[in-house]
Amino acid sequence: VQLQASGGGLVQAGGSLRLSCVASGRTFFGFIIAWFRQAPGKEREFVAHINRSGMTTGYADSVKGRFTISKDNAKNTVYLQMNTLNPEDTAVYYCAAGSYKGENRLRMLSGYDYWGQGTLVTVSS
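Residues numbered from 1 in each chain as written. Predicted model: local features only at pLDDT ≥ 70, side-chain atom pairs only at ≥ 80, totals over all residues. Heavy atoms only, no water.

### Notes on the sheet that holds strand 8 (residues 77-82)
Two modes of strand pairing occur in sheets, parallel and antiparallel, and in both the strands are linked by backbone hydrogen bonds. One open sheet holds the four strands; their spatial order is 1-3-8-7, and the pairing between them is antiparallel. Only two strands of the sheet have a single partner each, and these edge strands are strand 1 (2-6) and strand 7 (67-72). Averaged over all adjacent pairs, the angle separating strand axes in this sheet is 15°, with direction ignored. Pairing of strand 1 with strand 3 (residues 17-24), which is carried by five bridges, proceeds in the antiparallel orientation. Note that in strand 3 the partner of serine 6 across the bridge is serine 20. (Pairing = 2+ DSSP bridges. Helix = DSSP H or I, 4+ residues; strand = E, 2+ residues; numbered from the N terminus. Axes fitted to C-alpha atoms, helices over the stretch in contact; angles between N-to-C directions.)

As structure tokens, this is what we get:
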């Protein structure tokens, strides 16, 4: 499956962005989908995940209450709505997809088999 992330850009602190991740080559429905991010000089970190049905989600503590992950299976698209952005949210955001490998791997890079190319989000103060 190929993943294409988009929607990044430059936004002021306190602003909002919505990222999209479109899958091609295979339907999203059977996969767990997640967003990760990587800030300059830092390791890639988990942001949010959503299960196959879209009914169960999980978030990193740093984004809980500000970010919302959702999916539209008919459009093979997963979204990440990001509100109240701050400069610490500046990073390249990646979407990832994978089969379910257990609860303890939902927030790990190794829990995902397919990765998109990333989209840059820059938040100015």
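Here the narrative resumes, following the displayed structure.
### Side note on the pairing of strand 5 (residues 45-50)
The buried fraction of strand 5 amounts to five of the six residues, a majority that puts the element mostly inside the structure. As defined by bridge partners, strand 4 (residues 32-38) adjoins strand 5 across five bridges and the pair is classed as antiparallel. From the neighbouring strand, phenylalanine 36 faces strand 5, where its bridge partner is phenylalanine 46. Taking the residues between adjacent antiparallel strands as the criterion, strand 4 and strand 5 are bridged by six residues, where glycine 41 takes a positive phi near 75°. Relative to strand 6 (residues 57-59), strand 5 is paired through three bridges, and the arrangement is antiparallel. Each residue of the ladder has a partner; that of alanine 48, found in strand 6, is tyrosine 59. What sits between strand 5 and strand 6 in their antiparallel hairpin is a turn of six residues, with glycine 54 showing a positive phi close to 90°. (Buried < 20%, exposed > 50% of the residue type's maximum accessible area, 1.4 Å probe, protein only.)

### A short note on the state of the cysteines
In protein chemistry, a disulfide is the covalent bond that joins the sulfur atoms of two cysteines. Enumeration according to the criterion identifies one disulfide in this entry. Here cysteine 21 engages in a disulfide with cysteine 95; their sulfurs sit 2.1 Å apart. One disulfide, between cysteine 21 and cysteine 95, carries an S-S torsion of 70° and so falls in the right-handed class. Of this pair, cysteine 21 sits in strand 3 while cysteine 95 is found in strand 9 (residues 91-98), placing the two residues 74 residues apart along the sequence. Assigned by exposure class, cysteine 21 and cysteine 95 land together as buried. (Disulfide = S-S within 2.5 Å.)

### Looking at the environment of leucine 106
Here leucine 106 is to be found in the loop between strand 9 and strand 10 (114-115). Assessed through its relative accessible area of 9%, leucine 106 is described here as buried. Between the alpha carbons of leucine 106 and glycine 58 there is a distance of 8.6 Å; along the sequence they are 48 residues apart. Setting aside its immediate chain neighbours within four residues, leucine 106 contacts Ile32, Phe46, His49, Tyr100 and Tyr112. (Contact = heavy atoms within 4.5 Å.)

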